[in-house]
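Listed here are the chains, written in short residue letters.
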Amino acid sequence: MQDLDACVMDVLARHGRDPTRLLQILIELQDVLGHLSPPCLTRVAEGLSLPRSRVEGVAGFYSFLHAEPVGRYRIHFSDNITDRMLGAPALMETLCRKLWIEPGKVSEDGLVSVTTTSCTGMCDQGPALLVNGRAITRLDHHRVNEIAELVRQSVPLDAWPAAFFMIDDNIRRRDALLGASFEPGSALKAAISQGRADWLEQMRLSNLRGRGGAGFTTAVKWQSCRDAQGKDKVVVCNADEGEPGTFKDRVLLTRFAEQVFEGMTLAAWATGASLGLLYLRGEYRYLTTPLRAVLDKRRQAGLLGKDILGETGFNFDIDIHLGAGAYVCGEETALLESLEGKRGTPRIRPPFPVTVGYLGRPTVVNNVETLAKTTLIALEGGAAFAATGTPQSTGTKLLSVSGDCAFPGIYEYPFGVAIERVLEDCGASDAQMVQVGGASGVTIAGYEFHRRVAFEDVPSAGAFMVFDSSRDAFEIAHNFVDFFAHESCGFCTPCRIGTSLLKGYMDKLAQGFGAKMDLADIEWINRLLRNASHCGLGTTAPNPVVDTLIKFRPAYERRLKSLDFEPAFDLDAALDTARRMTGRDDAGAHLNGEASAREAQR
Amino acid sequence: MNGRFMLDGQPVMFEEGQTILQAAKAAGHYIPSLCWHPDFPPHGSCKLCIVKVGGRHVSSCALQAKDGMEIESNTPEINGERRALLQMLFVEGNHFCPSCEKSGNCELQAQAYELEMTSARFNYFFPVRPVDASHPDILLDFNRCIFCELCVRASRDIDGKSIFALTNRGIHKHLVVNAESGRLGDTDFSALDRAASICPVGVILPKRVGFAVPIGERIYDEKPISLVSMEKER
Ligand SMILES: Cc1cc2nc3c(=O)[nH]c(=O)nc-3n(C[C@H](O)[C@H](O)[C@H](O)COP(=O)(O)O)c2cc1C
Ligand code: SF4
Ligand code: SF4
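Residues numbered from 1 in each chain as written. Chains lettered and ligands numbered in written order. Predicted model: local features only at pLDDT ≥ 70, side-chain atom pairs only at ≥ 80, totals over all residues. Heavy atoms only, no water.

Undergrad: For this particular structure, what's the right way to read a nonpolar patch on the surface?
TA: On the surface, a nonpolar cluster with roughly 370 Å² of combined accessible area is contributed by Phe96, Tyr124 and Phe126 of chain B. Relative to the assigned elements, Phe96 of chain B resides in the loop between helix H2 (76–92) and helix H3 (107–114). (Patch = residues over 30% accessible without salt bridge, like charges linked within 9 Å, V, L, I, M, F, W, Y side chains within 5 Å. Areas by Shrake-Rupley, 256 points an atom, 1.4 Å probe, with all protein chains shown as cover. Salt bridge = Lys/Arg side-chain N within 4 Å of Asp/Glu carboxyl O. Helix = DSSP H or I, 4+ residues; strand = E, 2+ residues; numbered from the N terminus.)

As structure tokens, this is what we get:
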């Protein structure tokens, strides 16, 4: 146990034995120890003077933390629908076969485990997987064979071919943000010379609305935080980007980190905040080193730290916190809990974070893209910013385009762009439906492709997943339902139980055992989720099912054993004699043409 | 600022800081709940106390009353949703009421009577949840847990022991106790703790007092929970 003790003491010391660092401590301990054993949790609890039960509760919440022994190589295939369409399930099966293991189990020698995880944000270059937290994209059978070989020979990850870990930006269309060249510090200089109040006024004029989903007016949020009672205000950048099909924040953090950090500093200038926190999803962990380098550079340039740009009393610095596999932590109050080292359970709102946020301090939580956009406002003024887009949705929007199209990647358009325009640009010639805004977003059918991406029409946090005519709307919705059931935090009754019940019904339909009654139950559960859930995860979880039930209902009805009742005998089979006598076997000679044609193929 | 809101068409006066649920109950209007307890801040997880304010669903235990609110609570729509939430709780755990020591004193069962829940509607999950009999005085039967976290809150905030906590998430969420062995017997839990007597269902049970009051003569056998709860808090 000497090892364990020394290890725990070392990590705790590095984090100043600060209980708010609990999640960071557990992540680092797992790096060294492989998994978080019961004695390890006991030591951590003692070292932080926390109840052990609380430490165990946190360790059990995050899907990248393991209380049981796991393989020395932990392989997680991204299970988003776009990865699946690119062949992820077959590749995972191949890998498991090559390694002689069952999915979800650890190999007997403790070498490797292979399982799935929620969307890893690599949809434009899938299928993707994470190996010990590091992303490998563009998987094919060749690459999977190579991975199997490297694992079998226990080659350390650092010695794996560097090309495996290359992640593309795939920026396809540049506009105001992606197209501009940016001088670090220039936006901040402009805002400082305007003064705090006038800078906030420019923000108000811009009418910038949050890019993280809810579309709340950023200036109103900043002003509420500025006016809130309480010292040591906080600016949080939400880089959890867990919404399936979304990856634009990854590209911003890769290529435009200066703008993101400068945006956080601009928020601090407006609100008087002194602490900045970037909450980075665990899947993007590989970005921490480059991001920390950018932070260092900015400190040296006087853009962070004390008396920023010589402005006496303007003190602000930024730290990075890692998530560990929990979509709900993108919800701003769950995110604050997670930042405090707790389970990611959404809080009761009100009070809102702007008055009671991180450790009770007034806190602004903004999306990565929202913050990056504020640099444009500082440089060009609020009115200029508001001149693009639509009156209610000003500026541009980054779309993460993936699925059935020739050119997946990042597209920046002024708000108000028509869906058909995006489809044309990305080379989606055979689109049947588009999922805008991710699993929790809106399913758009062909007859709606004239609609526009804007808060007042089709709102979007950025995902834009294209499905061609070969795809099945039911399977897509089924995948999203699985996602929500997996990601529900379990705090409230309707979502904890409802998402799992919904998954059960979808599984039943998928297996061909559905009855019309089931559709009624599904609609009833959807209503409860929407009306009674505690946070946006539960209220939006039914969206894909609600939308596809309306717009693609045949995809469900095809799966029902019968529409109205379940006969005790097979009516269609009873007609077989008549068919033989008349020599007919076309669809019209069957009671349920489609279903029996399927039967015949088996 | 004190004020007045309308609850199902009837005026209800409230004092500054009161939630909808508190004000309604103080005025003699019952709103069903399971995770709410007068001695603790609102928790907002069971969602039984949902009401509609201006057409929007909210948790009445957590939302402060405001002057002029128009609130719907005791309506077929809301009660239907509450019933469905109860049905969900029943299928999530393993509730065999006839053999449960808590039967008749159980708030989940009492709410099911109150809201006229006659069937479970959904498929049962039949989770595997072992019983913990390691403590000399207290038995833990996790099969019946509804995750109201009252034991968690009582042990942490009143007893100062944090004997209970939740781990895992979603449908796999479950209670753990404050011991490396995972056994209640290895904690400093006492039958005198507040947490020992706060469970609204039959999870945390004293040993050796089985069926002291016969089923049929227990609290909610005699009176509906709406009356009992209002009398208790008066
Ligand atoms: C379940 C759930 C997940 C969310 N995930 C994210 C996320 O990954 N990134 C994000 O910026 N906002 C996310 N949000 C929205 C945040 O709660 C919050 O509205 C947002 O960060 C505010 O920033 P904005 O105003 O700049 O958009 C999520 C919300 C919910 C309910
Ligand atoms: S809606 Fe779902 S994710 Fe949100 S609090 Fe309830 S259980 Fe948790
Ligand atoms: S054991 Fe009882 S008090 Fe504790 S969470 Fe479960 S139902 Fe609530």
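Undergrad: Would you mind going over the sheet that holds strand S6 (residues 131–132) of chain B with me for this structure?
TA: Sheet strands pair via backbone hydrogen bonds, and the direction of the pair is either parallel or antiparallel. As summarised here, the arrangement of the 3 strands in space is S6-S7-S10 (chain B), forming an open sheet in which the pairing is antiparallel. Looking along the sheet, the strands with just one partner apiece sit at the ends: S6 and strand S10 (204–206) of chain B. (Pairing = 2+ DSSP bridges.)

Undergrad: Explain the site of ligand 3 here, please?
TA: All residues in the neighbourhood of ligand 3 are listed as Cys145, Ile146, Phe147, Cys148, Glu149, Cys151, Leu175, Cys199, Pro200, Val201 and Val203 of chain B. Broken down by class, the residue content of the shell around ligand 3 amounts to 10 nonpolar, no polar and 1 charged. (Near = heavy atom within 4 Å. Nonpolar A, V, L, I, M, F, W, Y, C, P; charged D, E, K, R; others polar.)

Undergrad: Would you explain the site of ligand 2 in this entry?
TA: Taken together, 13 residues lie around ligand 2, and Cys489, Phe491, Cys492, Cys495 and Cys535 of chain A are the ones closest in. A per-class count over the shell around ligand 2 returns 8 nonpolar, 5 polar and no charged.

Undergrad: Sorry, what's going on with the packing of aromatic side chains here?
TA: Centre-to-centre distance and the angle between the planes together describe a pair of aromatic rings. What the rule picks out here adds up to 15 aromatic pairs over all chains. Residues Trp160 of chain A and Phe164 of chain A carry aromatic rings whose centres are separated by 6.4 Å and whose planes lie at 85 degrees to one another, so their mutual orientation is edge-to-face. The class of Trp160 of chain A is buried, set by a relative accessible area of 4%. On the basis of an interplanar angle of 80 degrees and a centroid distance of 5.4 Å, the ring pair of Phe164 of chain B and Phe189 of chain B is categorised as edge-to-face. Of this pair, Phe164 of chain B sits in strand S8 (residues 164–167) while Phe189 of chain B sits in the loop between strand S9 (174–177) and S10, and the two are 25 residues apart along the sequence. The class for Phe164 of chain B is buried, based on a relative accessible area of 1%. For Phe189 of chain B, a relative accessible area of 5% translates into the label buried. Ring pairing ties together the aromatic residues Tyr73, Trp160, Phe164 and Phe165 of chain A, which thus form one cluster. A cation over a ring is seen here: Arg134 of chain A above Phe165 of chain A, with NZ or CZ 4.2 Å from the ring centre. The ring of Tyr284 of chain A has Arg281 of chain A lying over it, and the distance from NZ or CZ to the ring centre is 5.2 Å. (Phe/Tyr/Trp six-rings, centres within 6.5 Å; stacked < 30°, edge-to-face > 60°. Buried < 20%, exposed > 50% of the residue type's maximum accessible area, 1.4 Å probe, protein only. Lys NZ or Arg CZ within 6 Å of the ring centre and 35° of its normal.)

Undergrad: Mind showing me how you'd approach the domain arrangement of chain B here?
TA: Where interface size is quoted, it is often the accessible area lost as the parts come together. Residue and element names in this part refer to chain B. The assigned domain composition of chain B is domain 1 (3–74) and domain 2 (84–208). Centre-to-centre, using C-alpha coordinates, domain 1 lies 26 Å away from domain 2. Listed by partner, the interface residues are 15 residues for domain 1 and 18 residues for domain 2. When domain 1 packs against domain 2, close to 1300 Å² is buried across both sides, 66% of that on carbon and sulfur atoms. The largest share of the area that domain 1 buries against domain 2 comes from Leu34, Phe40 and His43, three residues that together contribute 49% of it. Where domain 1 meets domain 2, there are 1 salt bridge. In this structure, the salt-bridge partner of Asp39 is Arg194, at a minimum N-O distance of 3.1 Å. Seen at the junction of domain 1 and domain 2, the total is 7 residue pairs in polar contact (both at pLDDT 80 or more). Counted by class, the side of domain 1 that touches domain 2 contains 9 nonpolar, 4 polar and 2 charged residues. (Domains from an automatic or database assignment. Contact = heavy atoms within 4.5 Å. Buried area = accessible area lost by both parts, 1.4 Å probe. Polar contact = N/O pair within 3.5 Å; in protein donor to acceptor, adjacent residues only side chain to side chain.)

Undergrad: Before we go on, may I ask you to explain the nonpolar core in this structure?
TA: Buried together is how nonpolar side chains tend to be arranged in soluble globular proteins. Formed by 193 residues in total, the largest nonpolar core has its most connected members in Leu26, Val44, Tyr62, Trp199, Leu280 and Phe316 of chain A together with Phe164 of chain B. Residues in contact with Leu280 of chain A, not counting those within four places in the same chain, are Ala239, Leu253, Arg285, Leu287, Thr288, Leu291, Ile320, His321, Leu322 and Gly323 of chain A. The next biggest cluster of nonpolar side chains, apart from the first, holds 26 residues, and it includes Cys96, Ile101, Val114 and Ile136 of chain A. (Core = buried A, V, L, I, M, F, W, Y, C linked by side-chain atoms within 4.5 Å.)

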